[in-house]
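Spelled out, the chains give:
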Amino acid sequence: MRAAYLYRLDLAAPVRPMTPGRWRAVHAMLRARRTCPLCQVTHPYVIPTSLGCCPGCADPVALAA
């Protein structure tokens, strides 16, 4: 098996540690993925991108498909 490595591991810089600001940004992004744009309720699950809103706000015809 042949492999072509695109970078050298011995020259790689370590990953920067997570700062409190970066943690806040990650939590805000995840909360935005769980908030329905129509009813503005934050659910414990990620809103399906196929629906664009929570199942409670979705069109019943779209749910049947």
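Here goes a summary of the coordinates provided. (Residues numbered from 1 in each chain as written. Predicted model: local features only at pLDDT ≥ 70, side-chain atom pairs only at ≥ 80, totals over all residues. Heavy atoms only, no water.)

Here's the deal with the overall build of the chain
What the chain contains, in helices and strands, is two helices and zero strands. Taken over the C-alpha trace, the chain has a radius of gyration of 20 Å; the compact-globule value for 65 residues is 11 Å, which it surpasses by more than 25%. The C-alpha extent of the chain, read off along each of the three principal axes, is 55 × 40 × 15 Å. By residue count, 9% of the 65 residues in the chain fall in the buried class. A separation threshold of at least 6 residues defines the contact pool for the chain, and within that pool the share at least 24 residues apart is 0%. Working note: accessible area of the chain is about 5900 Å², and carbon and sulfur atoms make up 64% of it. (Helix = DSSP H or I, 4+ residues; strand = E, 2+ residues; numbered from the N terminus. Rg over C-alpha atoms; globule rule 2.2 N^0.38 Å. Buried < 20%, exposed > 50% of the residue type's maximum accessible area, 1.4 Å probe, protein only. Contact = heavy atoms within 4.5 Å. Areas by Shrake-Rupley, 256 points an atom, 1.4 Å probe, with all protein chains shown as cover.)

Things to note about unusual backbone geometry
Of all residues except glycine, most have a negative phi; of all peptide bonds, most are trans. Even without glycine at this site, Gln40 takes up a positive phi of about 60°. Structurally, the position occupied by Gln40 is in the loop between helix H1 (20–34) and helix H2 (60–64). Judged by its relative accessible area of 56%, Gln40 falls in the exposed class.

Focus on a nonpolar patch on the surface
A cluster of nonpolar residues, Leu6, Tyr7 and Leu9, forms a patch on the protein surface that exposes about 450 Å² of accessible area. Within the secondary structure, Tyr7 is located in the segment before H1. (Patch = residues over 30% accessible without salt bridge, like charges linked within 9 Å, V, L, I, M, F, W, Y side chains within 5 Å. Salt bridge = Lys/Arg side-chain N within 4 Å of Asp/Glu carboxyl O.)

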